[in-house]
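An overview of the molecular structure
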Amino acid sequence: MAETKKLFIKTYGCQMNVYDSERMAEALGADGYTETKDMSDADMILLNTCHIREKAAEKVYSELGRLRPLKEVNPDLKIGVAGCVAQAEGEEIMRRQPLVDLVVGPQTYHRLPDLMAKVNAGQPALDTDFPEEDKFEHLPKRVLPNRGPTAFLTVQEGCDKFCAFCVVPYTRGAEVSRPAERIMKEAKNLVTRGVREITLLGQNVNAYHGHAGGLAGLIDDLAAIDGLERIRFTTSHPNDMDDALIEAHGTQPKLMPYLHLPVQSGSDRILKAMNRKHTADRYIKLIARIREARPDLLLSGDFIVGFPGETDQDFEDTMALVRDVHYGQAYSFKYSPRPGTPAAEKENVPDDVATDRLHRLQALLTQQQRETQDSMVGRIVDVLFEKKGRIDGQLIGKSGYLHAVHAEAPDSDIGQIRKVKITNAVTNSLAGELV
Ligand code: SAH
Ligand code: SF4
Ligand code: F3S
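Everything numeric in this text was worked out from a predicted model, so none of it was measured. (Residues numbered from 1 in each chain as written. Chains lettered and ligands numbered in written order. Predicted model: local features only at pLDDT ≥ 70, side-chain atom pairs only at ≥ 80, totals over all residues. Heavy atoms only, no water.)

Considering the overall build of the protein
Worth spelling out the cut-off: A run of DSSP states H or I qualifies as a helix once it reaches four residues; a run of E qualifies as a strand once it reaches two. Both are numbered from the N-terminal end. Throughout, the radius of gyration refers to the C-alpha atoms, and the reference size of a globule is 2.2 Å times the residue count to the power 0.38. To sort residues, take the accessible area from a 1.4 Å probe on protein chains only and compare it with the maximum for the residue type: under 20% means buried, over 50% means exposed, and anything in between is partly exposed. Whether two residues are in contact is decided by their heavy atoms, any of which lying within 4.5 Å being enough. What sets the accessible areas is the Shrake-Rupley method with a 1.4 Å probe; for residues, cover comes only from the shown protein chains. Charge assignment: positive for Lys and Arg, negative for Asp and Glu; neither His nor the chain ends contribute. Each charge is placed at NZ for Lys, CZ for Arg, CG for Asp and CD for Glu.
Helices and strands together make up the secondary structure of the protein, namely 13 helices and 19 strands. For a compact globule of 435 residues, the expected C-alpha radius of gyration is about 22 Å, and the protein comes in at 22 Å, within 12% of that figure. Along the three orthogonal principal directions, the C-alpha set of the protein runs to about 60 × 55 × 45 Å. Per-residue burial for the protein yields a buried fraction of 54% across its 435 residues. Across the protein, every contact between residues at least 6 apart in sequence was considered, and the portion connecting residues at least 24 apart equals 71%. Looking at the protein as shown, the accessible area adds up to about 19300 Å², and 50% of this sits on carbon and sulfur atoms. Here the protein carries 55 positive and 64 negative side-chain charges, and the mean point of each set is 2 Å from the other.

Thoughts on the pattern of salt bridges
Which entries qualify depends on this criterion: A side-chain nitrogen of Lys or Arg and a carboxyl oxygen of Asp or Glu constitute a salt bridge if their distance falls within 4 Å.
A full pass over the atoms with the stated rule returns 33 salt bridges. Between lysine 161 and aspartate 240 there is a salt bridge, with its nearest N and O atoms 2.7 Å apart. On the criterion of sequence distance, the pair formed by lysine 161 in the loop between strand E8 (156-157) and helix H6 (168-171) and aspartate 240 in the loop between strand E11 (230-234) and helix H9 (243-251) is long-range, its members being 79 residues apart. Assigned by exposure class, lysine 161 and aspartate 240 land together as buried. Here the salt bridges share partners, and the residues they tie into one network are Asp20, Lys135, Glu157 and Arg172.

A few points about the nonpolar core
The test is simple: The definition of a nonpolar core used throughout is a set of buried Ala, Val, Leu, Ile, Met, Phe, Trp, Tyr and Cys residues joined through side-chain atoms within 4.5 Å.
Counting residues in hydrophobic clusters, the biggest one holds 53 residues, and the most contacted among them are Leu200 and Tyr327. Contacts of leucine 200, omitting those with residues within four sequence positions, involve Leu153, Val155, Val205, Leu215, Leu218, Ile219, Leu222, Ile231, Arg232, Phe233 and Thr234. With 23 residues, the next largest nonpolar core counts Ala25, Met44, Leu115 and Ala125 among its residues.

Regarding the packing of aromatic side chains
Note on aromatic pairs: each is described by the distance of the centres and the angle between the planes. Heads up, the condition is: Only rings of Phe, Tyr and Trp enter the pairing, Trp through its six-membered ring, and a pair is recorded when the two centres are within 6.5 Å. The plane angle decides the type: under 30 degrees is stacked, over 60 is edge-to-face, the rest tilted. Should the NZ of a Lys or the CZ of an Arg lie within 6 Å of a ring centre and within 35 degrees of the ring normal, that charge is described as sitting over the ring.
Per the stated rule, a full pass over the model turns up five aromatic pairs. Ring centres of phenylalanine 162 and tyrosine 170 lie 5.6 Å apart, and the angle between their planes is 75°; this geometry places the pair in the edge-to-face category. Here phenylalanine 162 falls in the partly exposed class, since its relative accessible area comes to 38%. We classify tyrosine 170 as partly exposed; its relative accessible area is 37%. Linked through ring pairs, Phe165, Phe307 and Tyr335 together constitute an aromatic cluster. Against the face of phenylalanine 333 rests arginine 53, its NZ or CZ located 3.6 Å from the ring centre. The cationic tip of arginine 178 hangs over the ring face of phenylalanine 136; the distance from NZ or CZ to the ring centre is 3.8 Å.

Section: the site of ligand 2
Definition in use: Throughout, the term near means that a residue has one or more heavy atoms lying within 4 Å of the molecule or strand in question. For this classification, Asp, Glu, Lys and Arg are treated as charged, while Ala, Val, Leu, Ile, Met, Phe, Trp, Tyr, Cys and Pro are nonpolar and the rest, including Gly, are polar.
By nearness alone, every residue bordering ligand 2 is listed as Cys159, Lys161, Phe162, Cys163, Phe165, Cys166, Val168, Pro169, Asn204, His237 and Arg276. By residue class, the composition of the shell around ligand 2 is seven nonpolar, two polar and two charged.

Quick look at the layout of surface pockets
Formally: Every definition here rests on a 1 Å grid over the protein atoms only: cavities are sets of points where a 1.4 Å probe fits but cannot get out, pockets are open sets enclosed by protein on both sides within 12 Å along at least five of seven lines, and lining residues have some atom within 4 Å of a point. Grid points are joined across faces, edges and corners, and a volume is the space filled by probe spheres set on the points.
In this model, the second largest pocket occupies a volume close to 590 Å³. Going through the elements one at a time, helix H2 (54-73), strand E14 (329-334) and helix H13 (351-374) are the ones with two or more residues in the lining of the second largest pocket. Residue composition of the lining of the second largest pocket, grouped by class: twelve nonpolar, six polar and seven charged.

Things to note about the packing of H9 against helix H11 (residues 280-293)
Note the cut-off: To get an axis, a line is fitted to the C-alpha atoms, and for a helix only the part in contact is used. The angle between two axes follows their N-to-C directions and goes from 0 to 180 degrees. These descriptions rest on fixed angle ranges, namely under 35 degrees for roughly parallel, over 145 for roughly antiparallel, 65 to 115 for roughly perpendicular, and the rest for oblique.
Close contact between H9 and H11 brings their axes to 7 Å; oriented N to C, the two are set at 40°. Classified by the angle between their axes, H9 and H11 sit oblique to one another. Here H9 contributes Asp243, Ile246, His249 and Gly250 to the contact with H11, which in turn contributes Leu286, Arg289, Ile290 and Ala293. When its residues are assigned to classes, the contact of H9 with H11 shows four nonpolar, two polar and two charged.

Quick look at the structure:
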């Protein structure tokens, strides 16, 4: 056994990166690294990065700038860049940032121990392949001790949809589904380690085809695991919401009543220019069908404003769709041109116009979120407690609808599902009392 070295991982971007960071820590754990929460104490710092918008990618370079003094104090400190910026700009990072020792893409991090060996031998270590082998089969078994009652589990990776604005098909590669039996094994292992809730992840998770019954079939199999109480999935594409998955929202009690289903825009013209391959009307009808299966479903979405060519009328169509659908929660972004994507060639909407639209949309979405939160007051919900709150004696957990809920409860309730009566609501969380 090699001596213990300390690893600090900083994670940016989506849940898939959160999952990957955990797996990278495990891969390096087999190489003698244990995780530290203190960056200045680390022998290795790994930035797991996101390339989705310009701001996200810029964060990496400013963080690298902040790491320079640490490396001056400790020349043995190793610095690695992983994730989607590594995939998109790895060679450039290596060239421009001499303090970076290692670059590894999202599909090759199972090779981290080999890359570390190269680093230790003073060789350049860059791996951004899209390899043939399944990285999950080459990663060490997930043996870290108890890790809290909720977990992410990646079941599908990559994207073949090529929305005109999006880098994901380039940074994550083609759509691949993991075989169902391997997912079942990983899920059972998580449950033996105290996990009660699993969120299935994929860039297009509902395009999952590693099970004959698709994602709904996989969810049914997972629901049969004793001790696993809650199942969620994210992120879905409207065109891949098949009948079985819609029905599962009504019939599978372990599938939680929350759905993140991005539409991006309410204008058919813009949807077409974005290459989303559906209309606003089809999305609205789809939502109606899902709500028929599960009337209390909390709906979430993503929106982009200021996509090239977006007129005032196109934006009003988005506002109208939002009013029509009513979201419990949603994310909205100003369009950010990304190198290599088709939309980046087009002329941008003036920045002040896009900013103004973003503010208007966010005001509407916040109002809807607030209404949804307020409507919870007085209701009794099941809460899975995850950790201690900031106030002594208080725990924080999630409702089935994914609200953050605070309540006074004994520490022994962490990992348990309890009935909580909601007494107070603010925009981002709820407070309640055990019943
Ligand atoms: N696979 C998911 C989304 C992945 S990216 C899906 O298809 O819905 C998460 C969100 O980031 C997207 O839904 C979109 O709203 C936003 N996004 C992606 N590229 C963007 C860009 N170039 N500018 C602004 N927002 C973007
Ligand atoms: Fe990006 Fe579109 Fe794929 Fe989502 S479906 S990851 S937005 S290309
Ligand atoms: Fe970002 Fe890559 Fe996820 S670009 S959103 S970390 S897939």
